[in-house]
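Each chain, written out:
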Amino acid sequence: MTIKAILTDIEGTTSSISFVKEVLFPYARNALPGFVQAHGNEPQVRQWLDAVATEISASACQDEVIVETLQGWIDQDRKHTALKALQGMLWDVGYRNGDYTAHLYPEVADVLRGWHASGLPLYVYSSGSVPAQKLFFGFSDAGDLNSLFSGNFDTEVGGKREAPSYAHIAKTINIAPAEILFLSDVVEELDAAREAGLQTMLVDRLSDYPQPRSGEATHGHTRVERFDQIAL
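A quick note: this is a predicted structure, and the numbers were derived from the prediction, not measured.

### What about the pattern of salt bridges?
Pairing between side chains becomes possible if they bear opposite charge and their charged atoms approach one another.
Link 1 in the chain: Applying the stated criterion across every chain yields a total of 18 salt bridges.
Link 2 in the chain: A salt bridge links D77 to K21; the nearest nitrogen and oxygen atoms lie 3.0 Å apart. Placement of the pair is D77 in the loop between α3 (63–76) and α4 (81–96) and K21 in helix α1 (residues 17–39), with a sequence separation of 56 residues.
Link 3 in the chain: On the basis of relative accessible area, K21 is assigned to the partly exposed category, the value being 38%.
Link 4 in the chain: As a salt-bridge pair, R226 and E107 come within 3.8 Å of each other at their nearest N and O atoms. Of the two residues, R226 is situated in the segment after β6 (222–224) and E107 in the loop between α4 and α5 (108–117); the sequence distance between them amounts to 119 residues.

What follows is the structure, given as structure tokens:
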């Protein structure tokens, strides 16, 4: 089947799960109280704080309570749009201050550059917000890679384990689902993409998944360990 576009996940796919959990999450957790105190009245921040307050309780309007709730969600790795938006703002500070660069697996940047040079459009779909995605690839170990991508999607288009999300992305980029290859380390996401008609590939990196998934555990998705094993 012809592939006319590649859609890729980030965490566990282009980058190690440990970078997100051991670097980005703790940074956001620690910086959140001071950030809310300093910027909580700014409209772009307030909208997300109010969204959290509405969800947990109409009476829970104290920013301290909201911050504690958000920190709990960070600990749970909850995929909540408000949390992801606020984390993106916090990570912006960390990246621009040079506190860290975004981890990429060694072969990823060269493979992405090769696909882009061949004329293949590349897209990102991650639970992290679009601004966070752009920070990630803009301040990566391999430099600024944002110019390689034709578009970014986050959970505002829908959950990553829901088939309509992938159908929406295909419609947005105006490419038939059957001509899009989705790369992810999460089998349930690949299941949803396949249900929507996309081609799929399970990226099963030993550093993130020491027990390789095979047979029934792959749900029938093609499995690779590295981007440079992907034959298009």
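Read on for the rest.
### A look at the nonpolar core
Link 1 in the chain: With 53 residues, the main nonpolar core has L70, Y95, W115, L183 and F227 as its most contacted residues.
Link 2 in the chain: Looking at this core element by element, the count peaks at eight residues for α1.
Link 3 in the chain: Ignoring anything within four residues of it in the chain, the contact list for L183 reads I6, L7, T8, D9, T13, W115, M201, V203, F227 and I230.
Link 4 in the chain: Core analysis: the second largest hydrophobic core is formed by 20 residues, Y166, V187, A192 and L198 among them.

### Topic: unusual backbone geometry
Link 1 in the chain: Positive phi outside glycine occurs at D77, with the angle close to 55°.
Link 2 in the chain: Under the relative-accessibility criterion, D77 is labelled buried at 19%.
Link 3 in the chain: Its identity is not glycine, yet N174 carries a phi of approximately 60°, on the positive side.
Link 4 in the chain: On the secondary structure map, N174 appears in the loop between α7 (163–173) and β4 (180–184).
Link 5 in the chain: Accessibility expressed as a relative area gives 70% for N174, which makes it exposed.

### Some details on the sheet that holds strand β5 (residues 199–203)
Link 1 in the chain: The six strands lie next to each other as β3-β2-β1-β4-β5-β6, forming an open sheet whose pairing is parallel. The two strands at the open ends of the sheet, each matched to only one other strand, are β3 (151–153) and β6. Strand-to-strand twist of the sheet, defined as the mean angle between neighbouring strand axes without regard to direction, takes the value 25°.
Link 2 in the chain: Bridge analysis of β5 against β6 gives three bridges, and the strand direction is parallel. Among the inter-strand pairings, L202 is bridged to a residue of β6, identified as R223.
Link 3 in the chain: Taken strand by strand, α7 contacts β1 (5–8), β2 (122–125), β3 and β4, and its axis lies near 150° from that of β2.
Link 4 in the chain: Sheet contacts for helix α8 (residues 187–195): β4 and β5; angle to β5, the most-contacted strand, approximately 170°.

### Quick look at the packing of α1 against α4
Link 1 in the chain: Relative orientation of the contacting elements α1 and α4 amounts to 95°, with a least axis distance of 9 Å. On the basis of the axis angle, α1 is roughly perpendicular to α4. Across the interface between the two elements, F19, L24, F25, Y27, A28, A31, L32 and F35 of α1 pack against K84, L86, Q87, M89, L90, W91, V93, G94 and Y95 of α4.
Link 2 in the chain: Classifying every residue of the contact of α1 with α4 by side-chain character gives 14 nonpolar, two polar and one charged.

### Considering the packing of aromatic side chains
The description of two aromatic rings rests on the distance between their centres and on the angle between their planes.
Link 1 in the chain: Tallied over the full model, the rule gives 12 aromatic pairs.
Link 2 in the chain: Seen from the ring of W73, R78 lies directly overhead, with NZ or CZ sitting 4.3 Å from the centre.
Link 3 in the chain: Positioned above the aromatic ring of Y209 is the side chain of R213, whose terminal nitrogen or guanidinium carbon lies 3.7 Å from the ring centre.

### Side note on α1
Link 1 in the chain: The sharpest bend along α1 measures roughly 45° and falls at L32, with the proline P33 sitting one to four residues further on.
Link 2 in the chain: Taken residue by residue, α1 has I17, F19, V20, L24, F25, A28, L32, F35 and V36 as its buried positions.
Link 3 in the chain: Where α1 is buried, its residues contact α2 (43–56), α3, α4 and α6 (130–138).

Each value, and the rule that gives it
- Residues numbered from 1 in each chain as written.
- Predicted model: local features only at pLDDT ≥ 70, side-chain atom pairs only at ≥ 80, totals over all residues.
- Heavy atoms only, no water.
- Salt bridge = Lys/Arg side-chain N within 4 Å of Asp/Glu carboxyl O.
- Helix = DSSP H or I, 4+ residues; strand = E, 2+ residues; numbered from the N terminus.
- Buried < 20%, exposed > 50% of the residue type's maximum accessible area, 1.4 Å probe, protein only.
- Core = buried A, V, L, I, M, F, W, Y, C linked by side-chain atoms within 4.5 Å.
- Contact = heavy atoms within 4.5 Å.
- Pairing = 2+ DSSP bridges.
- Axes fitted to C-alpha atoms, helices over the stretch in contact; angles between N-to-C directions.
- Parallel < 35°, antiparallel > 145°, perpendicular 65-115°, else oblique.
- Nonpolar A, V, L, I, M, F, W, Y, C, P; charged D, E, K, R; others polar.
- Phe/Tyr/Trp six-rings, centres within 6.5 Å; stacked < 30°, edge-to-face > 60°.
- Lys NZ or Arg CZ within 6 Å of the ring centre and 35° of its normal.
- Bend = angle between axes of the 7 residues up to and from the residue.

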